[in-house]
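Here are the chains, one letter per residue:
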Amino acid sequence: MAEADGPSPGGELTPEKRRLAEEKKNERYVWWYLAYFLFGIHIVAFVMIYAVMHAK
């Protein structure tokens, strides 16, 4: 039953594998933050374009 607990067949997670998994997770978060940031900038740009086009 102890073999099913770990992700590897040996059941042991080495510090290197743990560091790589954490790095991969952090990289995924960075991409999500970048995507939200770029999406937000486009929303602001469209609102500003709309405001300029409809200003009198």
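Up top is the structure.
The paragraphs below set out a description of the structure included in this document.

Looking now at the packing of aromatic side chains. To describe a pair of aromatic rings, one takes the distance between the centres and the angle between the planes. Counted under the stated rule, the structure contains 1 aromatic pair. Between W32 and Y36 the ring centres are 6.0 Å apart and the planes differ by 35 degrees, which places this aromatic pair in the tilted class. Of this pair, W32 and Y36 are both found in helix α1 (residues 15-53), 4 residues apart, which corresponds to roughly one turn of the helix.

A few words on a nonpolar patch on the surface. On the surface, a cluster of nonpolar side chains totalling about 510 Å² of accessible area is made up of W31, L34, F37, L38 and I41. Mapping L38 onto the fold places it in helix α1. Its relative accessible area of 39% is what places L38 among the partly exposed residues.

With that settled, the discussion passes to the pattern of salt bridges. If you walk through the whole model with that rule in mind, you get 3 salt bridges. Between E16 and R19 there is a salt bridge; the shortest N-O distance is 2.9 Å. Residue E16 and its partner R19 are both found in helix α1; the two are separated by 3 residues, about one turn of the helix. The closest approach of N and O atoms between R19 and E23, which form a salt bridge, is 2.8 Å. With R19 and E23 both in helix α1 and 4 residues apart, the pair spans about one turn of that helix. Judged by its relative accessible area of 42%, R19 is partly exposed. Using a relative accessible area of 43% as the deciding quantity, one classes E23 as partly exposed.

Reading the values: the criteria
- Residues numbered from 1 in each chain as written.
- Predicted model: local features only at pLDDT ≥ 70, side-chain atom pairs only at ≥ 80, totals over all residues.
- Heavy atoms only, no water.
- Phe/Tyr/Trp six-rings, centres within 6.5 Å; stacked < 30°, edge-to-face > 60°.
- Helix = DSSP H or I, 4+ residues; strand = E, 2+ residues; numbered from the N terminus.
- Patch = residues over 30% accessible without salt bridge, like charges linked within 9 Å, V, L, I, M, F, W, Y side chains within 5 Å.
- Areas by Shrake-Rupley, 256 points an atom, 1.4 Å probe, with all protein chains shown as cover.
- Salt bridge = Lys/Arg side-chain N within 4 Å of Asp/Glu carboxyl O.
- Buried < 20%, exposed > 50% of the residue type's maximum accessible area, 1.4 Å probe, protein only.

Everything listed here is a matter of geometry and, on its own, says nothing about what the molecule does.
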